[in-house]
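Residue-level structure breakdown
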Amino acid sequence: MKKLTLPLSQDEAKKLRAGDSVLLSGIVYTARDCAHKRLFALLDEGKPLPFDLKDAFVYYAGPCPAPEGKACGSCGPTTSARMNSFAPRLLDAGLGGMIGKGGMDEETRQAVARNKRVYFAAIGGAGAIYGNAVKRSECVAFPDLLSEAIYRFEIKDFPAVVAIDSTGNNIY
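Reading the values: the criteria
Residues numbered from 1 in each chain as written. Predicted model: local features only at pLDDT ≥ 70, side-chain atom pairs only at ≥ 80, totals over all residues. Heavy atoms only, no water. Salt bridge = Lys/Arg side-chain N within 4 Å of Asp/Glu carboxyl O. Helix = DSSP H or I, 4+ residues; strand = E, 2+ residues; numbered from the N terminus. Buried < 20%, exposed > 50% of the residue type's maximum accessible area, 1.4 Å probe, protein only. Contact = heavy atoms within 4.5 Å. Pairing = 2+ DSSP bridges. Polar contact = N/O pair within 3.5 Å; in protein donor to acceptor, adjacent residues only side chain to side chain.

Take the pattern of salt bridges next. Close approach of charged atoms allows side chains with opposite charge to pair. For the structure on display, the rule yields 13 salt bridges. Linking Arg 82 and Asp 33 is a salt bridge whose minimum nitrogen-to-oxygen distance equals 2.3 Å. One end of the pair, Arg 82, is in the loop between β3 (57-59) and α3 (87-92); the other, Asp 33, is in helix α2 (residues 33-44), and 49 residues separate them in sequence. Overall, the relative accessible area of 37% leaves Arg 82 in the partly exposed class. Judged by relative accessible area, Asp 33 falls into the buried class, the value being 16%.

The next thing to look at is the side chain of His 36. Assignment of secondary structure puts His 36 in helix α2. Once residues within four sequence positions are removed from consideration, His 36 is found in contact with Ala 31, Val 58, Tyr 60, Met 83, Phe 86 and Leu 90.

Relative to strand β7 (residues 150-164), strand β2 (residues 21-30) runs antiparallel, the two being bridged by eight bridges. Bridge pairing in β7 links Ile 27 to Glu 154. One ladder, built from three bridges, connects strand β5 (residues 118-121) with β7; its direction is antiparallel. Bridging across to β7, Ala 121 finds its partner in Val 161. Bridge analysis of strand β6 (residues 134-141) against β7 gives six bridges, and the strand direction is antiparallel. Across the sheet, the residue bridging to Ala 141 is Ile 150, located in β7.

Moving on to helix α4 (residues 106-114). Within α4, burial applies to Thr 108, Ala 111, Val 112 and Ala 113. Buried residues along α4 sit in contact with α3, β4 (97-100), β5 and β7. A distance of 3.4 Å separates the backbone nitrogen of Glu 107 from a side-chain oxygen at the start of α4, and that oxygen is part of Asp 105. Positive backbone phi, approximately 55°, marks Lys 116, located one or two places after α4.

Spelled out as structure tokens, the structure:
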């Protein structure tokens, strides 16, 4: 199993192949549908985003409140197909990749390949494991969205599989 540190550059992404099992550590940002809509509104208005897209990773998830002594509650992946309408534009704008559950459409697969990026699949039903991998959590945008706000996570040994690699190979 490969250990990787996020953010991940294009050169690092090019070394990965669909089907590789990885343990991710580093920084990710959570974002679901509502947060993506607000990000797009900011982009459309030419306003700055709440985090730098360059090489950043978005985890399609909405964390549960943290129990005492933990950085995060359960935090399983959201179905990635719901983000198909957002992913290509964000990848073209510099996003390093995404983490989510299940497959993504052909347009997203092409955007991953075109930008030499990567999409990681996380395990559905493993929210407690993923919550435990979060070592620090901070809301960085849209707190009114509650669990759908954008959180900056520091993760350690977050298990995932390369679902779409930088050449467009797809495990789905």
